[in-house]
Amino acid sequence: MSNADPRILLVVACALVDTDGRVLLTQRPEGKALAGLWEFPGGKIDPGERPEDALIRELDEELGIVTQAACLAPLTFASHAYDDFHLLMPLFVCRRFSGTPIGREGQAIKWVRPNALRDYPMPPADEPLIPILQDLL
């Protein structure tokens, strides 16, 4: 890493799993960094916010679904060095939520079988999460 004091960006992500064992992916919209790539839904953690609370907020904002902290199970995390920051991203699994996910921010969404996750191009930080998720499901 070129930067001697890299900024650490803390974000949270969710492997939302439906009753058929499929995982929800969302596509990064045009105009955002890494546009067009598929990722696990989630987002930035606000100062003073717990990761679970950030994820509950992001799932509502992005997908229009409601869940509770008790329904979020920590699975693993990603630690990835991008050029201008280092990303730290806990991944939670959620199987219990209310509502039907829709792309509230104009993003495409897709339910994907675990064995097909690699068919969707993802940001480098998301890719190492796939085998761990496939082992779980």
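Residues numbered from 1 in each chain as written. Predicted model: local features only at pLDDT ≥ 70, side-chain atom pairs only at ≥ 80, totals over all residues. Heavy atoms only, no water.

- Under an unreviewed UniProt entry, the name given to the protein chain is 8-oxo-dGTP diphosphatase, and the organism recorded is Notoacmeibacter marinus.
- Reading the Cofactor (unreviewed entry) entry of the UniProt record for the protein chain gives the comment "Mg(2+)".
- Here is the UniProt Sequence similarities (unreviewed entry) comment for the protein chain, exactly as written: "Belongs to the Nudix hydrolase family." (UniProt positions renumbered as here; feature names shortened; annotations may be inferred.)

**A word on the UniProt feature "binding site: Mg(2+)" (unreviewed entry) in the protein chain**
- UniProt records the feature "binding site: Mg(2+)" (unreviewed entry) at Gly42 and Glu62, using the numbering of this structure. A maximum C-alpha distance of 8.0 Å among these annotated residues, which run over 21 residues, shows that they cluster at one spot.
- Residue placement: Gly42 occurs in strand S4 (residues 42-44).
- Judged by its relative accessible area of 14%, Gly42 is buried.
- For Gly42, the residues in contact, after removing those within four places along its chain, are Val12, Ala13, Leu55, Glu58 and Glu62.
- Counting through the fold element by element, Glu62 comes out in helix H1 (residues 51-63).
- Residues in contact with Glu62, not counting those within four places in the same chain, are Pro41, Gly42, Gly43, Ile102, Gly103, Arg104, Glu105 and Gln107. (Helix = DSSP H or I, 4+ residues; strand = E, 2+ residues; numbered from the N terminus. Buried < 20%, exposed > 50% of the residue type's maximum accessible area, 1.4 Å probe, protein only. Contact = heavy atoms within 4.5 Å.)

**Looking at the UniProt feature "binding site: 8-oxo-dGTP" (unreviewed entry) in the protein chain**
- Mapped onto the present numbering, the UniProt feature "binding site: 8-oxo-dGTP" (unreviewed entry) falls at Arg28, Glu39, Phe40, Pro41 and Gly42.
- Relative to the elements of secondary structure, Arg28 occurs in the loop between strand S2 (23-27) and strand S3 (38-39).
- Under the relative-accessibility criterion, Arg28 is labelled buried at 19%.
- When sequence neighbours within four positions are dropped, the list of residues in contact with Arg28 reads Ala33, Leu34, Ala35, Gly36, Leu37, Glu39 and Pro123.
- Within the structure, Arg28 has its side chain in polar contact with the backbone oxygen of Ala33 (distance 2.6 Å).
- Looking at where Pro41 falls in the secondary structure, it is placed in the loop between S3 and S4.
- Pro41 gets classed as buried once you look at its relative accessible area, which sits at 0%.
- With sequence-adjacent residues up to four places away left out, Pro41 is seen in contact with Val12, Ala13, Cys14, Leu24, Thr26, Leu55, Leu59, Glu62 and Leu63. (Polar contact = N/O pair within 3.5 Å; in protein donor to acceptor, adjacent residues only side chain to side chain.)

**What to know about the environment of Ile132**
- With respect to the helices and strands, the residue Ile132 is situated in helix H2 (residues 129-136).
- Each C-alpha atom of the pair Ile132 and Tyr120 lies 16 Å from the other, and the pair is 12 residues apart in sequence.
- The residues touching Ile132, leaving out its near neighbours within four places in the chain, are Leu75 and Thr76.

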